[in-house]
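Structure assessment
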Amino acid sequence: MSTYPVLVVVLVCLCHMSVAMEEKKTYIIHMAKSQMPDTFDDHTHWYDASLKSVSESAEMIYVYKNVVHGFAARLTAQEAESLQTQPGILSVLPELIYQLHTTRTPLFLGLDKSVNIFPESDAMSDVIVGVLDTGVWPERKSFDDTGFGPVPDSWKGQCESSTNFSSAMCNRKLVGARYFSRGYETTLGPIDESKESKSPRDDDGHGTHTASTAAGSLVQGASLFGYASGAARGMAYRARVAVYKVCWLGGCFNSDILAGMDKAIDDKVDVLSLSLGGSTPDYYKDSIAIGAFAAMEKGILVSCSAGNAGPNQFSLSNQAPWITTVGAGTIDRDFPAYVTLGNGKNFSGVSLYAGDSLLNKMLPLVYAGNASNVTSGNLCMMGTLIPEKVKGKIVLCDRGINARVQKGFVVKAAGGAGMVLANTAANGEELVADAHLLPAAAVGLIAGDAVKKYLFSDPNPTAEILFGGTKVGIQPSPVVAAFSSRGPNSITPEILKPDIIAPGVNILAGWTGAVGPTGMAEDDRRVEFNIISGTSMSCPHVSGLAALVKGVHPEWSPAAIRSALMTTAYTVYKNGGALLDVATGKPSTPFDHGAGYVDPVSAVNPGLVYDINADDYLNFMCALKYTPSQINSLARRNFTCDSSKKYSVTDLNYPSFAVSFPADTGSNTIKYSRTLTNVGPAGTYKVTVSSPNSSVKIIVEPETVSFTQINEKKSYTVSFTAPSKSSSTDVFGRIEWSDGKHVVSSPVAISWS
């Protein structure tokens with residue numbers, strides 16, 4: 001009998017302990033602004049009271065006012081669930097972690113011939129590009145403000161003084177620098193200031209690279225160890241730059257990203273560039289999409305990287321239709337390296353190695369898998385190579401798992417003299433150049449297999465590596481990068497993504513002074529510029545080009561600017577051949593390249609644009625059957641879809657066409673409606689439709705539209721009729737309107753699901 005009360009006490013204690021020990025996580029809480037009780041005179045007080053109703057100890061990490069009506073806070077799962085039931089709460093969403101999507105391009109894009117198109121006017125220097133990334137290294141010449149006039153009166157931002165960063169480091173070029181770390185620190189603990197600066201300073205390099213790509217100043221004599229030498233400049237080199245550090249060693253937390261976007265809107269940026277992404281939740285759960293919607297309403301174009309998960313299908317990040325989603329292509333520059341085997345055969349690869357060469361002599365060649373006691377030894381991972389088997393030799397390592405430059409460090413640490421880095425099937429023939437720490441060349445799958453065949457058949461294999469410097473005029477170019485993420489759009493198949501591709505392979509731009517070009521702690525080299533690849537590099541190209549168009553047409557909406565960039569993009573080479581995909585060696589499709597490769601000179605004078613406003617996007621949400629609270633979470637206002645109105649995602653005035661037919665039906669017709677706005681001279685435009693598959697009928701009505709004045713609008717419809725999937729595969733085509741001077745081109749992608 002005496003044991004019963006004791007048992008009760010123990011159970012009660014355990015219960016309290018489990019509650020006390022329950023893990024807290026960060027949540028983004030979306031509030032219905034219009035539902036604030038009259039007893040509160042300030043929304044922040046209402047937010048605080050709502051939070052205290054479920055947790056006396058919880059504190060708000062951030063209060064948002066532009067991108068979200070609401071706040072971020074640390075809660076247990078039980079507290080979050082309880083908060084969700086409180087009046088005025090639209091949603092309580094758990095924190096997500098996003099990741100970074102990691103000089104010849106102005107010439108390649110034709111900007112050297114465009115002085116009259118993009119005049120160095122006050123209008124151009126009034127444009128401010130906001131970059132959300134890892135911060136900035138302000139001392140770089142890319143942020144020199146020589147020749148710049150006063151900061152625009154519209155600018156409301158700041159330059160924050162903090163660790164290793166003074167407000168005096170901003171100038172008339174770098175007009176603002178802020179950092180956001182509360183979300184990161186509440187989850188992972190205090191920033192380790194021995195490893196990174198708790199300030200806008202960029203200790204990673206990624207942010208300096210993207211900011212200088214978008215709008216870096218003109219710098220003569222730029223290069224990386226002599227590679228890619230010449231004048232470096234951002235796309236909009238007369239525009240201003242504002243940086244918002246939201247990414248840290250542990251990633252980019254969406255509470256910090258939202259805070260950065262919130263402040264950028266307050267600061268009055270004109271373009272926002274985000275070379276980062278993550279999972280692909282519905283738009284009303286995606287912080288970047290939510291922040292981008294608020295920015296769009298303020299007239300700010302938001303450019304985001306598509307991701308580096310290609311060539312897999314459905315691999316895109318940042319798919320919301322109010323975001324400009326950017327994939328990656330090459331330019332016509334390469335950094336060749338040559339591998340010569342003892343049997344006399346030669347293979348071409350790439351490298352940015354700039355140290356002592358191997359003195360043009362043959363050295364013993366060994367396969368890493370044969371110089372290791374672990375099953376994954378072929379990958380040259382840390383501690384896997386046997387020094388006695390690699391000393392003084394060239395080691396062939398397979399690509400995969402660990403970083404390419406780290407493999408070279410592993411070879412060097414084990415006493416190897418050089419490295420051949422061989423692509424596997426996952427990477428095919430795509431070659432990305434790296435500033436290796438030892439003589440090394442990366443080769444494609446075919447060459448790698450040939451080298452292995454020689455290695456395994458010759459009793460005394462030898463090899464030599466030679467470096468070819470910088471070569472330009474490489475053809476074919478551009479090609480779609482294999483790593484560039486691909487469509488179709490996994491959330492809304494009727495919206496074609498990516499929107500466009502831009503230079504993203506082997507791009508030279510500014511770099512941090514905190515780490516070497518490889519980013520490895522063991523790399524003690526320091527450089528002004530670095531060459532890296534990723535859709536992280538293509539995104540700021542488009543951000544800068546959007547700033548250029550904005551400078552020429554300050555009255556254009558974000559959708560109009562994106563439309564101009566998309567409808568003037570190209571998908572064929574000058575010889576008439578189709579744009580190639582390096583992943584397959586075959587013509588790329590709109591799921592790979594979107595509208596095509598960006599052509600900024602044509603984008604300034606597109607003739608017609610497809611404009612979209614906030615109400616159009618709200619109707620799009622109705623077509624997706626979003627609930628009033630889901631729409632409110634995204635749009636920050638009450639909006640109820642009209643039950644008597646028929647909404648369709650095919651009516652969103654997008655500059656491209658993605659048609660998704662159900663696979664289990666017979667012949668089917670889907671109709672799309674579009675509206676063209678004239679931004680050029682008066683004229684008559686006639687439509688042409690190209691589709692290589694005659695089984696799909698595409699009918700445009702009317703076939704001719706005439707414009708007599710600027711900003712005049714004309715609508716048309718497109719009917720797509722197709723058989724069932726059993727008799728067809730994906731079909732691609734184009735719809736083009738032309739007045740003889742302008743060609744307004746839209747890609748068509750037809751699939752069956």
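Residues numbered from 1 in each chain as written. Predicted model: local features only at pLDDT ≥ 70, side-chain atom pairs only at ≥ 80, totals over all residues. Heavy atoms only, no water.

The name given to the protein in an unreviewed UniProt entry is Subtilisin-like protease, with the source organism recorded as Solanum verrucosum. In the Sequence similarities (unreviewed entry) part of its UniProt record, the protein is described as follows: "Belongs to the peptidase S8 family." What UniProt records for the protein under Subcellular location (unreviewed entry) is the sentence "Secreted". (UniProt positions renumbered as here; feature names shortened; annotations may be inferred.)

Remarks on the sheet that holds strand E5 (residues 97-100)
Reading across the sheet, the four strands line up as E11-E12-E5-E14 and stay open at both edges, with antiparallel pairing between neighbours. With partners counted over all chains shown, the strands left at the sheet margins are strand E11 (247-248) and strand E14 (276-277), one partner each. One ladder, built from two bridges, connects E11 with strand E12 (residues 251-253); its direction is antiparallel. Within E12, the position partnered with Cys247 by the bridge is Cys252. Across the sheet, helix H8 (residues 254-267) lies against E5, E11, E12 and E14, angled at about 65 degrees from E12, the strand it touches most. (Pairing = 2+ DSSP bridges. Helix = DSSP H or I, 4+ residues; strand = E, 2+ residues; numbered from the N terminus. Contact = heavy atoms within 4.5 Å. Axes fitted to C-alpha atoms, helices over the stretch in contact; angles between N-to-C directions.)

Overview of the packing of H8 against helix H9 (residues 287-297)
For the pair H8 and H9, interaxial distance at closest approach is 9 Å and the crossing angle is 5 degrees. As the angle between them shows, H8 and H9 are arranged roughly parallel. Listed contacts from H9 to Asn254, Ile257, Leu258, Met261 and Ile265 of H8 are Ser287, Ile288, Gly291, Ala292, Ala294 and Ala295. Looking at the contact of H8 with H9, its residues break down into eight nonpolar, three polar and no charged. (Parallel < 35°, antiparallel > 145°, perpendicular 65-115°, else oblique. Nonpolar A, V, L, I, M, F, W, Y, C, P; charged D, E, K, R; others polar.)

Some remarks on the packing of aromatic side chains
A complete count under the given rule lists 24 aromatic pairs for this structure. Centroid distance Phe591 to Phe732: 5.5 Å. Interplanar angle 85 degrees. Geometry classified as edge-to-face. Remark: Phe732 occurs in strand E39 (residues 731-738) and Phe591 occurs in helix H15 (residues 590-593); sequence separation between them is 141 residues. Phe591 sits in the buried class, given a relative accessible area of 4%. An aromatic cluster of three or more residues is present, and its members are Tyr283, Phe293, Trp322, Tyr617 and Phe620. Directly above the aromatic system of Trp137 lies the positively charged group of Arg201, at a separation of 4.3 Å from the ring centroid. A cation over an aromatic ring shows up here: Lys714 above the ring of Phe707, its NZ or CZ 5.6 Å from the ring centre. (Phe/Tyr/Trp six-rings, centres within 6.5 Å; stacked < 30°, edge-to-face > 60°. Buried < 20%, exposed > 50% of the residue type's maximum accessible area, 1.4 Å probe, protein only. Lys NZ or Arg CZ within 6 Å of the ring centre and 35° of its normal.)

Here's the deal with the pairing of strand E2 (residues 60-64)
Where E2 and strand E3 (residues 70-76) come together, four bridges link them in antiparallel fashion. Counted as the bridge partner of Met60 is Ala73 from E3. Where E2 hands over to E3, the hairpin turn is made up of five residues, counted between the paired strands.

Overview of the environment of Gly147
Residue placement: Gly147 occurs in the loop between strand E6 (128-133) and strand E7 (174-179). What makes Gly147 exposed here is its relative accessible area of 58%. Spatially, the C-alpha atom of Gly147 lies 33 Å from that of Gly680, the residues being 533 residues apart in sequence.

A word on the pattern of salt bridges
Throughout the structure, instances matching the rule amount to 18 salt bridges. Across the salt bridge formed by Asp592 and Arg486, the nearest N and O atoms sit 3.0 Å from each other. Here Asp592 is found in helix H15, whereas its partner Arg486 is found in the loop between strand E26 (479-480) and strand E27 (500-503), with 106 residues between them in sequence. We classify Asp592 as buried; its relative accessible area is 9%. Its salt-bridge partner being Glu712, residue Lys714 comes within 3.6 Å of it at the nearest N-O pair. Overlapping salt bridges, with partners in common, bring together Glu160, Arg178 and Asp267 in one network. (Salt bridge = Lys/Arg side-chain N within 4 Å of Asp/Glu carboxyl O.)

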